[in-house]
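Chains, contacts and geometry: an overview
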Amino acid sequence: MRVDGVSYRSVWVDQQDHRSIHIIDQTKLPWALEILRLTDCDQAAHAIRTMQVRGAPLIGAVAAYGLCLALAADPATAAMERDAALLAATRPTAVNLRWALERMLTRLRNTPASERVAVAYAEAAAIADEDAAQNEAIGEHGLPLIRQAAARHAGKTVNVLTHCNAGWLATVDWGTALAPIYKAHDAGIDLHVWVDETRPRNQGAALTAWELGRHGVKHTVVADNAGGHLMQHGMVDLAIVGTDRVTRTGDVANKIGTYLKALAAHDNAVPFWVALPSTTIDWRVSDGVAEIPIEERSQAEVTDMTGRLPDGRIATMRIAAEGSPAANPAFDVTPARLVTGLITERGRCQASAEGLRGLFPEHA
Ligand code: MRU
């Protein structure tokens, strides 16, 4: 995607040394666009753990490149297995992390140590390129939903609600939930996006709003609790969200608060779509509520907030009562029955085992 006329992906290999990895430090957005250079596996693991990079598809790609950096330091099998385990342990919920590392290891275990570095960089580049292509395809398959909404009330703006950040920052390029929105905007459809701020880390207010603004898409940031009210008053034509893991039966794990939006959408007959590349499907899991591990993050993310002061300094301050503890589950699971459908790189389907098997018969 383009930022102020410059094309970016969210992760790329250094064009001089062909080894180190560049990322956009998402903890600095929306205040500054800062590029970080990662030169070893520990730095890549740190970037994922501390959410300098985040979003299911992107952490998969960065983990793949992290393994490349590990192999550049030591291509022996024992070190490779140890570093892959270190990367896999950085975050628990998004399945793309495990998927990317398993794909890398499957390729590398059958490769002599002397050839591993070159093979690893080629495989990581393939993962990144495929992610960008899959997300663009999601955009194409999601576009008709927005077109149909526009046709239903010609001459009026189409209102889409989204939660968290499932834009190009959360992937290698294009985004998942935002890909259809970018396609619709580029096709000249008059649309407007309600952006849930997405407490506690504010990925909506900080990242989605920033992305949409850079691309010129009309949007409004709303408090997370506003979505139900907007739907009741006919101010949302459809919701599109991303996901961190989808079970083979169509249950959807996504950023905390998604389930409440799905409930409100169901109550108000607002279509609730989930956009994902197939790398986000966990074919081993069938009951999302029981089986998907939910990351529990620091209390400070709830009790404190970070923002920019009028003088430009970035500051963190406590907003909760002193001494009160906080709980911080980072994801929730929306049961398949509340999901209108899934938008994948192969097309749209019902959120069900049959729907997914129809699009991906190789997993039947
Ligand atoms: O904790 P994060 O910011 O890494 O959360 C992941 C996400 O970006 C969202 O849950 C998103 O909606 C799905 S990933 C495209």
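All values reported here derive from a predicted model rather than from experimental measurement. (Residues numbered from 1 in each chain as written. Predicted model: local features only at pLDDT ≥ 70, side-chain atom pairs only at ≥ 80, totals over all residues. Heavy atoms only, no water.)

**Here's the deal with empty space enclosed by the protein**
Here the structure, examined in full by the defined rule, presents two cavities of 30 Å³ or more. Reported here for the largest cavity is a volume of approximately 210 Å³. As for the largest cavity, its lining consists of 23 residues, and the residues nearest its centre are Arg54, Gly55, Ala56, Asn165 and Asp244. Only helix 2 (56–73) and strand 11 (252–255) provide two or more residues apiece to the lining of the largest cavity. Looking at which domains feed residues into the lining of the largest cavity, each of domain 1 (2–130) and domain 2 (139–363) supplies at least three. A volume near 50 Å³ is recorded for the second largest cavity. As for the second largest cavity, its lining consists of Pro200, Arg201, Gln203, Lys255, Arg297, Glu301, Asn328 and Ala330. Class assignment for the residues of the lining of the second largest cavity results in two nonpolar, two polar and four charged. (1 Å grid on protein atoms, 1.4 Å probe; cavity = no way out; pocket = protein on both sides within 12 Å on 5 of 7 lines; lining within 4 Å. Points joined across faces, edges and corners; volume = space filled by probe spheres on them. Helix = DSSP H or I, 4+ residues; strand = E, 2+ residues; numbered from the N terminus. Domains from an automatic or database assignment. Nonpolar A, V, L, I, M, F, W, Y, C, P; charged D, E, K, R; others polar.)

**As for the sheet that holds strand 4 (residues 21–24)**
Strand order in the open sheet formed by three strands is 3-4-5, with antiparallel pairing between adjacent strands. Because the sheet does not close on itself, it has two edges, and the strands there are strand 3 (11–13) and strand 5 (35–38). With direction set aside, neighbouring strand axes in the sheet form an average angle of 25°. As judged from the three bridges shared by strand 3 and strand 4, these two strands associate in the antiparallel manner. Each residue of the ladder has a partner; that of Val11, found in strand 4, is Ile23. (Pairing = 2+ DSSP bridges. Axes fitted to C-alpha atoms, helices over the stretch in contact; angles between N-to-C directions.)

**Comments concerning the pairing of strand 15 (residues 314–318)**
Alignment of strand 14 (residues 304–308) against strand 15, held across five bridges, turns out to be antiparallel. In the sheet register, Arg308 faces strand 15, and the bridge partner there is Ile314. Between strand 14 and strand 15, which pair antiparallel in sequence order, lie five residues; one of them, Gly312, sits at a positive phi of approximately 95°.

**Some points on the domain arrangement of the protein chain**
Assigned domains of the protein chain: these are domain 1 (2–130) and domain 2 (139–363). Put simply, the middle of domain 1 and the middle of domain 2, counted by C-alpha atoms, are 24 Å apart. Facing 33 residues of domain 1, the contacting portion of domain 2 comprises 36 residues. Between domain 1 and domain 2 the total buried area reaches about 2,900 Å² when both faces are included, carbon and sulfur atoms providing 58% of it. (Contact = heavy atoms within 4.5 Å. Buried area = accessible area lost by both parts, 1.4 Å probe.)

**Some points on the site of the ligand**
The ligand sits among 18 residues. The nearest are Arg54, Arg91, Asp244, Asn254 and Lys255. At a separation of 2.4 Å, an oxygen atom of the ligand approaches a polar side-chain atom of Arg54. Within the complex, the protein chains bury 99% of what would otherwise be the 400 Å² of accessible surface of the ligand. Taking a 2 Å distance to the grid points as the criterion, the majority of the atoms of the ligand fall inside the largest cavity. If you list the elements that add at least two residues to the shell around the ligand, you get helix 2 and strand 11. (Near = heavy atom within 4 Å. Polar contact = N/O pair within 3.5 Å; in protein donor to acceptor, adjacent residues only side chain to side chain. Areas by Shrake-Rupley, 256 points an atom, 1.4 Å probe, with all protein chains shown as cover. Sits in = over half its atoms within 2 Å of the grid points.)

**Description of the packing of aromatic side chains**
Applying the stated criterion across every chain yields a total of three aromatic pairs. Ring geometry for Trp283 and Phe360: centres 6.0 Å apart, planes at 65°, overall edge-to-face. Placement of Trp283 in the loop between strand 13 (281–282) and helix 10 (288–291) and of Phe360 in the segment after helix 12 (353–359) is noted, with a sequence separation of 77 residues between them. This pair shows no difference in class: Trp283 is buried, exactly as Phe360 is. For Lys255, the ring lying beneath its charged end belongs to Phe331, and the centroid distance is 4.0 Å. (Phe/Tyr/Trp six-rings, centres within 6.5 Å; stacked < 30°, edge-to-face > 60°. Buried < 20%, exposed > 50% of the residue type's maximum accessible area, 1.4 Å probe, protein only. Lys NZ or Arg CZ within 6 Å of the ring centre and 35° of its normal.)

**Description of the layout of surface pockets**
The gaps of empty space that remain are located by a probe, the size of a water molecule, rolled over the atoms. Of the pockets and cavities examined, the largest pocket occupies roughly 540 Å³. Only helix 7 (203–215), helix 11 (300–303), strand 14 and strand 15 provide two or more residues apiece to the lining of the largest pocket. Looking at side-chain class alone, the lining of the largest pocket contains ten nonpolar, seven polar and seven charged residues. Built from parts of two domains, the lining of the largest pocket gets at least three residues from each of domain 1 (2–130) and domain 2 (139–363). If you trace the second largest pocket, you find 14 residues lining it, with Trp99, Ser278, Ile281, Trp283 and His363 closest to the centre. Sorting the residues of the lining of the second largest pocket by element identifies helix 4 (95–109) and strand 13 as the ones contributing at least two each. Two domains each provide a minimum of three residues to the lining of the second largest pocket, namely domain 1 (2–130) and domain 2 (139–363).

**Examining the sheet that holds strand 6 (residues 158–162)**
Here we have seven strands laid out as an open sheet, ordered 8-7-6-9-12-17-18, and mixed in their pairing. For this open sheet the edge positions go to strand 8 (218–222) and strand 18 (347–349), each flanked by a neighbour on one side alone. Between one strand and the next, the sheet's axes are offset by a mean angle of 25°, whatever the strand orientation. The pairing of strand 7 (residues 191–196) with strand 8 spans five bridges and is classified as parallel. Paired with His192 across the bridge in strand 8 is Lys218.

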